[in-house]
Amino acid sequence: MAPWRLRADLHTHTSYSDGLDTPAVLVAKAAQQGLHCIAVTDHDILTALPEAYEAGADCGVEIIAGVELTVQYGAYDDIHVLGYGFDPAALPLQTRLAAVQEHRVQRGIEMLARINTLLQQEGKAPLDTQRVLDSARGALTRPHLAKALIARGYAPTTQQAFDHFLIPCNVPKAALSPEEAFTLVGQAGGVCVLAHPGTLSTDPETMHPFVATFKAMGLIGLEVYHHRHYPDAIALFQDCATRYDLVATGGSDYHGRPEGAVLGQIAPGYAIPESVLPDLQRAQAKGR
Ligand SMILES: [Zn+2]
Ligand SMILES: [Zn+2]
């Protein structure tokens, strides 16, 4: 067996995005699980990293600077790209992520305004703007709005809230292009890996050209080992990684939810392979 010190989890979230644990709690749990290293990869935000570094120094867990960027390409508007090993203080990356956060906040406010206009057109009382804004911890998202509509009795289910209000009142997300994401992370000294590619498609005829295109744009790896990949998806992306000379990484995508992924594992009892950290480090060294 490989030494315990290679045990790593390259995909985790904190309460600064949609995870439940603070960075300190996340890192303490990683230490309890016997993990040597974790990458903290919140969605489009780097705020957890200083606290994670501090907790990592206390607990003896190495922290890799990470981020999970939302990227738009063609018909895919919710591609997730993991950035690793960059300088979190790099100004262009920080500035662009601040703009993404600002758009996310404005998007929720704009959707709420559109919903209220629709409600008024239907002769119904509008939602209480302040109360709905208070219900969201950070940016107001569509699930928050669905909940508010259900609570007021305007929709019996989340699906109907989407069909009747959220889809007609949608404001598009402003995501990065893949080239922009790869450039921002690359200029900050880091590398990019496609997160859980199986959530895009598990059809080889779709994914081979997709992966080849992203590789040509600067992608260095695929998150092959992930709890949403069944063995056939793992085999497909292992094959893609070999064919396109990409590193095979893995992470739990831990969010701190009791029913969700377990730190350090991709399925109950299945640890993330110990090759992922040294392979990522080699690929990053080669890329520089
Ligand atoms: Zn993701
Ligand atoms: Zn994630």
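Residues numbered from 1 in each chain as written. Chains lettered and ligands numbered in written order. Predicted model: local features only at pLDDT ≥ 70, side-chain atom pairs only at ≥ 80, totals over all residues. Heavy atoms only, no water.

Caption draft 1: Molecular detail of the overall build of the protein. Secondary structure summary: the protein contains ten helices and nine strands in total. What you see for the protein is a C-alpha radius of gyration of 20 Å, in line with the 19 Å of a compact globule of 288 residues. Over its C-alpha atoms, taken along the principal directions, the protein stretches across nearly 65 × 45 × 40 Å. The 288 residues of the protein split such that 48% are buried. A separation of at least 24 residues holds for 72% of the contacts in the protein among residues at least 6 apart in sequence. A total of about 13,500 Å² of accessible surface is found on the protein, and carbon and sulfur atoms cover 55% of it. Considering the protein, the positive charge centre built from 21 side chains and the negative charge centre built from 31 side chains are found 3 Å apart. (Helix = DSSP H or I, 4+ residues; strand = E, 2+ residues; numbered from the N terminus. Rg over C-alpha atoms; globule rule 2.2 N^0.38 Å. Buried < 20%, exposed > 50% of the residue type's maximum accessible area, 1.4 Å probe, protein only. Contact = heavy atoms within 4.5 Å. Areas by Shrake-Rupley, 256 points an atom, 1.4 Å probe, with all protein chains shown as cover. Lys, Arg positive; Asp, Glu negative; His and termini not counted. Charge placed at Lys NZ, Arg CZ, Asp CG, Glu CD.)

Caption draft 2: The coordination of the zinc ion (ligand 1), seen in detail. At this site the zinc ion (ligand 1) is bound by Glu68 (OE), His80 (ND1) and His196 (NE2), with donor distances of 2.1 Å. When the donor residues of the zinc ion (ligand 1) are listed from N- to C-terminus, their spacing reads E-x11-H-x115-H. Between the zinc ion (ligand 1) and the zinc ion (ligand 2), a spacing of 3.5 Å is present, and a bridge between the two is formed by glutamate 68. Placement of the pair is histidine 80 in strand E4 (residues 76–84) and histidine 196 in the loop between strand E5 (191–194) and helix H8 (204–217), with a sequence separation of 116 residues. (Donors = N, O, S within 2.8 Å, 3.2 Å for Na, K, Ca; no water.)

Caption draft 3: Just the sheet that holds E5, in detail. Within the open sheet, the seven strands sit side by side as E1-E2-E3-E4-E5-E6-E7. Their pairing is mixed. With partners counted over all chains shown, the strands left at the sheet margins are strand E1 (8–12) and strand E7 (247–250), one partner each. Each strand axis lies, on average, 35° off the axis of its neighbour in the sheet, ignoring direction. The pairing of strand E3 (residues 62–73) with E4 spans seven bridges and is classified as antiparallel. Along E4, the bridge assignment pairs glycine 66 with tyrosine 84. Across the sheet, helix H7 (residues 178–187) touches E3, E4 and E5, and the angle it forms with E3 is around 160°. The sheet strands contacting helix H9 (residues 231–243) are strand E6 (221–225) and E7, and the helix crosses E6 at an angle near 155°. (Pairing = 2+ DSSP bridges. Axes fitted to C-alpha atoms, helices over the stretch in contact; angles between N-to-C directions.)

Caption draft 4: Main features of the layout of surface pockets. Space inside the largest pocket adds up to approximately 1,600 Å³. In terms of lining, the largest pocket is formed by 48 residues, of which the most central are Asp18, His43, Arg104, Thr141 and Lys173. When residues of the lining of the largest pocket are traced back to their parent elements, those giving at least two are E3, E4, helix H3 (91–121) and helix H5 (142–151). Ranked by residue count, the leading element in the lining of the largest pocket is H3, at five residues. For the lining of the largest pocket, the class distribution of residues is 15 nonpolar, 19 polar and 14 charged. (1 Å grid on protein atoms, 1.4 Å probe; cavity = no way out; pocket = protein on both sides within 12 Å on 5 of 7 lines; lining within 4 Å. Points joined across faces, edges and corners; volume = space filled by probe spheres on them. Nonpolar A, V, L, I, M, F, W, Y, C, P; charged D, E, K, R; others polar.)

Caption draft 5: Just the coordination of the zinc ion (ligand 2), in detail. For the zinc ion (ligand 2), the full set of protein donor atoms is His11 (NE2), His13 (NE2), Glu68 (OE) and Asp253 (OD), and the range of their distances to it is 2.0 to 2.2 Å. Donor residues for the zinc ion (ligand 2), ordered by position in the chain, follow H-x1-H-x54-E-x184-D.

Caption draft 6: Representation of unusual backbone geometry within the structure. Phi angles above zero are rare outside glycine, and histidine 196 is one such case at about 25°. What makes histidine 196 buried here is its relative accessible area of 6%. Positive phi outside glycine occurs at aspartate 245, with the angle close to 55°. Positionally, aspartate 245 belongs in the loop between H9 and E7. Given a relative accessible area of 52%, aspartate 245 falls into the exposed group.

Caption draft 7: Focus on the pairing of E4. Taken together, E3 and the strand that follows it, E4, pair antiparallel across an intervening segment of two residues, in which glycine 74 is found at a positive phi of about 60°. Strand direction decides the pairing type here: E4 and E5, joined by four bridges, are antiparallel. When the bridges of E5 are listed, tyrosine 84 appears paired with valine 191.

Caption draft 8: Highlighting the domain arrangement of the protein. When the domains of the protein are assigned, the result is domain 1 (4–90 + 188–287) and domain 2 (110–166). Just the C-alpha atoms count here: the centres of domain 1 and domain 2 sit 33 Å apart. (Domains from an automatic or database assignment.)

Caption draft 9: Highlighting the nonpolar core. Ranked by size, the top nonpolar core spans 70 residues in total, and within it Leu10, Ile38, Tyr84, Phe86, Leu194 and Leu222 carry the most contacts. Apart from the residues within four sequence positions on either side, isoleucine 38 is in contact with Asp9, Thr12, Leu26, Val27, Ala30, Val61, Glu62, Ile63 and Ile64. One finds Met111, Leu112, Leu118 and Ala148 within the second-largest nonpolar core, a separate group that totals 21 residues. (Core = buried A, V, L, I, M, F, W, Y, C linked by side-chain atoms within 4.5 Å.)

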